[in-house]
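Here is how the chains run, residue by residue.
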Amino acid sequence: MRIVRDHQFVSPADKGASAAIGNFDGVHLGHQSVIDIARAQGAKIGAPLGIVTFEPHPRQFFAPDAPPFRLTGSAARAHRLEKLGVERLYELNFNAALSSLTPEEFAARVIRDGLGLRHVVVGADFCFGKGRAGNADDLRAFGAEMDFGVTIAKLLESDTGEVSSTAIRTALTEGRPHDAAAMLGHWHRIEGRVISGHQRGRELGYPTANMSIEGLHPPKFGVYAVLVDVLDGPHQGSYRGAASLGVRPMFNGEIPNLETYLFDFSGDLYGAALSVGLVEYLRPEEKFDSLDTFIAQMDADCARARDILAHP
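Predicted model only: the values in this text are computed from it and were never measured.

J.: Looking at this structure, I do not really get the overall build of the protein. What am I missing?
T.: Scanning the protein for helices and strands turns up 10 helices and 16 strands. Radius of gyration (C-alpha) of the protein: 22 Å, near the 20 Å computed for a compact globule of 312 residues. If one aligns the C-alpha atoms of the protein with their principal axes, the spans along those axes are about 70 × 35 × 35 Å. Residue burial in the protein is summarised as follows: out of 312 residues, 49% are buried. For the protein, the share of sequence-separated contacts (at least 6 apart) that also reach a separation of at least 24 residues comes to 73%. Put simply, the protein shows about 14800 Å² of open surface, and 50% of that area lies on carbon and sulfur atoms. For the protein, the centre of its 31 positive side-chain charges and the centre of its 39 negative side-chain charges are spaced 4 Å apart.

J.: What am I meant to see in the packing of aromatic side chains here?
T.: As enumerated under the stated definition, the model contains 13 aromatic pairs in all. Judged by centre distance (4.8 Å) and plane angle (70°), the rings of Y206 and Y261 are edge-to-face. Here the residue Y206 occupies a position in the loop between helix 9 (200-203) and strand 12 (209-212), and Y261 occupies one in strand 15 (residues 257-262), the gap between them amounting to 55 residues. Stacked on the ring of F69, the Lys or Arg R59 has its end atom at 4.0 Å from the ring centre.

J.: Even after reading the chapter, I still don't get the sheet that holds strand 8 (residues 149-153), so can you show me in this structure?
T.: By way of backbone hydrogen bonds, the strands of a sheet pair with one another, either parallel or antiparallel. Spatial ordering of the open sheet is given by 1-4-3-2-5-8, a layout of six strands whose pairing is parallel. Because the sheet does not close on itself, it has two edges, and the strands there are strand 1 (2-4) and strand 8. Taken over all neighbouring pairs, the strand axes of this sheet differ in orientation by 25° on average, direction set aside. Sheet topology places strand 1 next to strand 4 (residues 88-93); three bridges connect them, and they run parallel. Bridging across to strand 4, V4 finds its partner in Y90. Where helix 1 (residues 29-45) meets the sheet, its contacts fall on strand 2 (18-21), strand 3 (49-55), strand 5 (119-123) and strand 8, and the angle it forms with strand 2 comes to roughly 165°.

J.: Help me understand the layout of surface pockets in this model?
T.: A probe as big as a water molecule, rolled over the atoms, marks out the empty space that is left. Within this model, the largest pocket holds a volume of roughly 1100 Å³. As for the largest pocket, its lining consists of 38 residues, and the residues nearest its centre are G22, N23, F126, C127 and R132. Elements with a minimum of two residues in the lining of the largest pocket: helix 1, helix 2 (58-62), helix 4 (96-99), strand 6 (127-128) and helix 7 (165-173). Take the lining of the largest pocket: its biggest share by element is four residues, from helix 1.

J.: Would you explain the environment of F221 in this entry?
T.: With respect to the secondary-structure elements, F221 resides in the loop between strand 12 and strand 13 (222-230). Apart from the residues within four sequence positions on either side, F221 is in contact with L245, G246, V247, P256, Y281, R283, P284 and E285.

J.: Is there a simple way to explain the packing of helix 7 against helix 8 (residues 177-184) in this structure?
T.: In a packed pair of helices, the relevant descriptors are the angle between the two axes and the axis-to-axis distance. Helix 8 packs onto helix 7 with a crossing angle of 160° between their chain directions and a minimal axis gap of 7 Å. When the axes of helix 7 and helix 8 are compared, the pair comes out roughly antiparallel. Once helix 7 is placed against helix 8, the crossing between them reads as left-handed. Contacts between helix 7 and helix 8 involve A167, I168, A171 and L172 from the first element and P177, D179, A180, M183 and L184 from the second. Here the contact of helix 7 with helix 8 is composed, by residue class, of eight nonpolar, no polar and one charged.

J.: Would you mind showing me how to read the pattern of salt bridges here?
T.: Note that side chains of opposite charge can pair when their charged atoms are close. In the structure shown here, the tally under the stated rule is 18 salt bridges. When the shortest N-O distance is used, the salt bridge between D14 and R88 registers 3.0 Å. Here the residue D14 occupies a position in the loop between strand 1 and strand 2, and R88 occupies one in strand 4, the gap between them amounting to 74 residues. Each member of the pair D14 and R88 is classed as buried. A cluster of three or more residues bridged by salt bridges with shared partners is formed by R5, E55, R70, R77 and E91.

J.: Hey, could you run me through the pairing of strand 14 (residues 237-246) in this one?
T.: In regular strands, side chains alternate between the two faces of the sheet. Note that strand 13 and strand 14 share nine bridges and pair antiparallel. Each residue of the ladder has a partner; that of D229, found in strand 14, is S238. In textbook terms, the turn of a hairpin is the stretch between consecutive antiparallel strands, and for strand 13 and strand 14 this stretch comprises six residues, one of which, G233, has a positive phi near 85°. Summarising the sheet, strand 14 and strand 15 pair through six bridges and their orientation is antiparallel. Across the sheet, G246 pairs through a bridge with N257, a residue of strand 15.

The rules behind each value
- Residues numbered from 1 in each chain as written.
- Predicted model: local features only at pLDDT ≥ 70, side-chain atom pairs only at ≥ 80, totals over all residues.
- Heavy atoms only, no water.
- Helix = DSSP H or I, 4+ residues; strand = E, 2+ residues; numbered from the N terminus.
- Rg over C-alpha atoms; globule rule 2.2 N^0.38 Å.
- Buried < 20%, exposed > 50% of the residue type's maximum accessible area, 1.4 Å probe, protein only.
- Contact = heavy atoms within 4.5 Å.
- Areas by Shrake-Rupley, 256 points an atom, 1.4 Å probe, with all protein chains shown as cover.
- Lys, Arg positive; Asp, Glu negative; His and termini not counted.
- Charge placed at Lys NZ, Arg CZ, Asp CG, Glu CD.
- Phe/Tyr/Trp six-rings, centres within 6.5 Å; stacked < 30°, edge-to-face > 60°.
- Lys NZ or Arg CZ within 6 Å of the ring centre and 35° of its normal.
- Pairing = 2+ DSSP bridges.
- Axes fitted to C-alpha atoms, helices over the stretch in contact; angles between N-to-C directions.
- 1 Å grid on protein atoms, 1.4 Å probe; cavity = no way out; pocket = protein on both sides within 12 Å on 5 of 7 lines; lining within 4 Å.
- Points joined across faces, edges and corners; volume = space filled by probe spheres on them.
- Parallel < 35°, antiparallel > 145°, perpendicular 65-115°, else oblique.
- Left-handed = near helix turned anticlockwise from the far one by under 90°.
- Nonpolar A, V, L, I, M, F, W, Y, C, P; charged D, E, K, R; others polar.
- Salt bridge = Lys/Arg side-chain N within 4 Å of Asp/Glu carboxyl O.

Following this line, the structure appears as structure tokens:
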């Protein structure tokens, strides 16, 4: 997958895609259905499959001090899109210049002239241009004028309603990872590099891989059964484990992070890239009366997680 970050400097080889446009936060089943339409349209006209998205997320650009809301950072999103067979990722820098383009200017300067897209697929609720003034029907009209095809995809619904990043955030906030996974089409995953911690887990017999969740929507704090992919390094592979997400009240922590204990694992993971899938919420964070009580609870958590992950 090739990544393009500036619509004004695109090589001829990277132009001419059939592309879905959106933020693709979480790359959920609704996003995947739009991507599948772009793939099918591309196959008809002999065009590579592309994605047009934005970094930072426009919501972050306009409200930088708002609480974290993203399900996936840019690297995790790119990783997921590559798995889906995307060949061109146009991850455009969302800045003052781009945000000030009118809908017609966006269609002309970005879609037609910059990226040279041959076909575009958007969801029925798509808005674009300064002040979100343009909608999907406007884009279709511009496409007819500017010689690129446009498909408007219907919004996908699940048994519980519309599949959306907002609904997935709600499920995660309430500790319902299975419901989030039903909308995502995969376990919700937190990806990042392993950072150094206080090594308390090692002292307690439960060495953990610590990861920051800065900038991401925080799922419900507590202990989870998890499936872990080590994405690089000498220990690359898939593992099962238990993870604590939160502020570590037993040790008076303040900054939320994710601490993951891999079952039947021995080795150093510092600096490695991990992808931790939340499978089941086991219990909330607690502060225990003693370390012995705390260790006994971790023993019980891991035993329960092993049982759950035997049949995830």
